[in-house]
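As a plain string of letters, each chain reads:
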Amino acid sequence: QFGRTEVIDNTLNPDFVRKFIMDYFFEERENLRFDFYDVDSKSPNLSKHDFLGQMFCTLGEIVGSQGSRLEKSITGIPGKKCGTVIVTAEELSCCRDSVLMQFCANKLDKKDFFGKSDPFLVFHRSNEDGSFTICHKTEVVKNTLNPVWQAFKISVRALCNGDYDRTIKVEVYDWDRDGSHDFIGEFTTSYRELSRGQSQFNVYEVINPKKKGKKKKYINSGTVTLLSFLIETEVSFLDYIKGGTQINFTVAIDFTASNGNPSQPTSLHYMNPYQLNAYGMALKAVGEIIQDYDSDKMFPALGFGARLPPDGRVSHEFALNGNPQNPYCHGIDGVMEAYYRSLKSVQLYGPTNFAPVINHVARYASSVKDGSQYFVLLIITDGVISDMAQTKESIVNASKLPMSIIIVGVGPAEFDAMEELDGDVVRISSRGKFAERDIVQFVPFRDYIDRSGNHVLSMARLAKDVLAEIPEQFLSYMRVRGIKPSPAPPPYTPPIHVLQTQI
């Protein structure tokens with residue numbers, strides 16, 4: 001149990017006020033259940049109250065709904081309509097603000113025997129237990145008692161953990177080459193004080209407690225002044241989703257002969273009546289999370305490396321549902337069905353060419369560059385890639401488009417070429433041109449085979465690892481293009497219910 005709303009007396013149309021703060025991760029499936037009760041007494045024990053029904057959903061479903069507002073039927077009492085529930089989600093903003101600040105100082109204490117001081121500032125945020133954590137150091141300004149430091153940017157979370165009244169301690173030091181920096185003095189402030197900007201409130205006396213204790217006439221060791229304070233709100237992945245950006249998910253499955261004969265248990269495409277094969281597992285794990293962000297739940301599903309009926313021509317981009325004009329399948333289950341059907345009709349062949357399916361999705365992605373859609377291509381393959389040069393060129397070209405590519409390698413092959421495509425170590429290039437951004441994430445399926453046989457957990461880990469980079473890849477595309485999120489639709493206001501009185 002995560003929490004309970006307040007109780008609202010005597011109504012069938014309650015509008016609950018209490019909010020619940022949850023951690024959200026795009027790459028994980030976070031299942032939620034809402035249970036509804038009619039409260040009859042003060043007892044905290046739920047079995048003492050009437051159960052009115054329940055609703056199941058995922059956090060991604062709420063966030064991915066238009067305006068992050070999900071309306072769903074309440075179920076759980078057979079044969080009875082239990083009403084509907086509306087759940088809305090909003091992202092907490094204080095965590096996303098950054099601040100650009102600049103400071104200068106006057107008449108700091110002279111610490112060096114020969115020259116003046118070489119001052120720098122150290123910022124600390126206070127923790128719940130009263131201790132301090134360092135969160136920023138300025139650069140050193142050489143040989144001056146009146147330094148002006150460069151402006152710096154820091155997230156509000158790092159500065160004060162989003163708590164505007166929490167103490168921020170600033171220490172002033174004189175830099176020494178040997179690392180034994182001399183302490184000049186310190187002062188405290190808070191985000192709220194700093195946010196007043198440049199004013200008489202933001203001139204701070206630098207105090208050295210030791211000196212103060214020793215010298216009766218001690219006033220201060222100089223002053224530090226805030227020159228500017230600018231708040232910047234970072235736009236997040238959710239701002240775009242809320243503004244209606246759709247994520248289009250395409251699947252491409254490797255039908256090359258190296259997978260083995262699908263009717264044999266040793267084949268990676270073996271259709272085991274009791275459990276999914278590696279292709280099915282990887283597809284389901286990634287697809288079930290992404291489908292929450294696609295409003296029509298229609299997914300194009302392609303195959304490559306097979307000979308197709310009736311004439312046995314080899315194809316590197318064929319529709320799994322057999323309809324090249326409309327390769328869309330309904331939901332992840334529809335994709336699975338089309339995959340199993342084509343296994344029965346096509347002949348596994350080769351070679352393993354990636355470029356055609358990448359170019360297929362790139363054609364769609366290049367037609368909508370306004371930020372309203374983003375494309376994710378999942379390629380599941382067993383193998384050694386045959387068209388490396390063409391694939392690299394396709395990826396370099398696709399890096400300018402609103403798309404990301406996930407590659408899951410199944411089976412025991414060497415996946416060195418895939419690691420190269422991933423570009424995490426060396427940015428991928430083709431004919432001397434480098435990819436504009438990193439859009440490929442590769443994982444070997446074998447790293448996720450659960451020894452204990454618990455596939456649910458290992459597939460959740462697989463999805464988490466392949467999807468974790470998508471929000472950042474998505475944002476990097478939007479930032480480079482200067483695309484701002486569309487405004488979210490206006491918040492929902494419940495209709496006013498006329499109170500009916502019984503006579």
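Residues numbered from 1 in each chain as written. Predicted model: local features only at pLDDT ≥ 70, side-chain atom pairs only at ≥ 80, totals over all residues. Heavy atoms only, no water.

Per an unreviewed UniProt entry, the protein chain goes by CPNE8 protein and derives from Nothoprocta ornata. The UniProt entry for the protein chain carries the following comment under Sequence similarities (unreviewed entry): "Belongs to the copine family." (UniProt positions renumbered as here; feature names shortened; annotations may be inferred.)

Draft legend 1. Just helix α9 (residues 388–398), in detail. Along α9, the positions that sit buried rather than exposed are Met-388, Thr-391, Lys-392, Ser-394, Ile-395, Val-396 and Ala-398. Those residues of α9 that are buried are in contact with α8 (355–365), β21 (403–409), α10 (416–422), β22 (429–430), β23 (433–434) and β24 (440–444). (Buried < 20%, exposed > 50% of the residue type's maximum accessible area, 1.4 Å probe, protein only. Helix = DSSP H or I, 4+ residues; strand = E, 2+ residues; numbered from the N terminus. Contact = heavy atoms within 4.5 Å.)

Draft legend 2. Representation of the side chain of Asn-248 within the structure. Position of Asn-248 among the secondary structure elements: in strand β13 (residues 246–254). By relative accessible area, Asn-248 is classed as buried at 16%. In contact with Asn-248, not counting residues within four places along its chain, are Asp-294, Gln-373, Tyr-374, Phe-375 and Val-376.

Draft legend 3. Examining the sheet that holds strand β9 (residues 167–174) more closely. Spatial ordering of the open sheet is given by β7-β6-β9-β10, a layout of four strands whose pairing is antiparallel. Whereas interior strands pair on both sides, the edge strands pair on one side only; in this sheet they are β7 (132–137) and β10 (182–190). Each adjacent strand pair in this sheet contributes to an overall mean axis angle of 30 degrees, direction not counted. Relative to β10, β9 runs antiparallel, the two sharing eight bridges. (Pairing = 2+ DSSP bridges. Axes fitted to C-alpha atoms, helices over the stretch in contact; angles between N-to-C directions.)

Draft legend 4. Representation of the pattern of salt bridges. Summed over the entire model, instances satisfying the criterion amount to 18 salt bridges. Among the ionic pairs, Lys-72 bridges to Glu-61, the shortest N-O distance being 3.2 Å. Of this pair, Lys-72 sits in strand β3 (residues 69–73) while Glu-61 sits in helix α1 (residues 59–64), placing them 11 residues apart in sequence. For Lys-72, a relative accessible area of 26% gives the class partly exposed. Among the salt bridges present, the one from Arg-363 reaches Glu-317, with a minimum N-O distance of 3.5 Å. A residue pair is termed long-range when its members are at least 10 positions apart, and Arg-363 in helix α8 and Glu-317 in the loop between β16 (313–315) and β17 (318–319) qualify at 46 residues. Classification of Arg-363 by relative accessible area gives partly exposed; the value is 48%. (Salt bridge = Lys/Arg side-chain N within 4 Å of Asp/Glu carboxyl O.)

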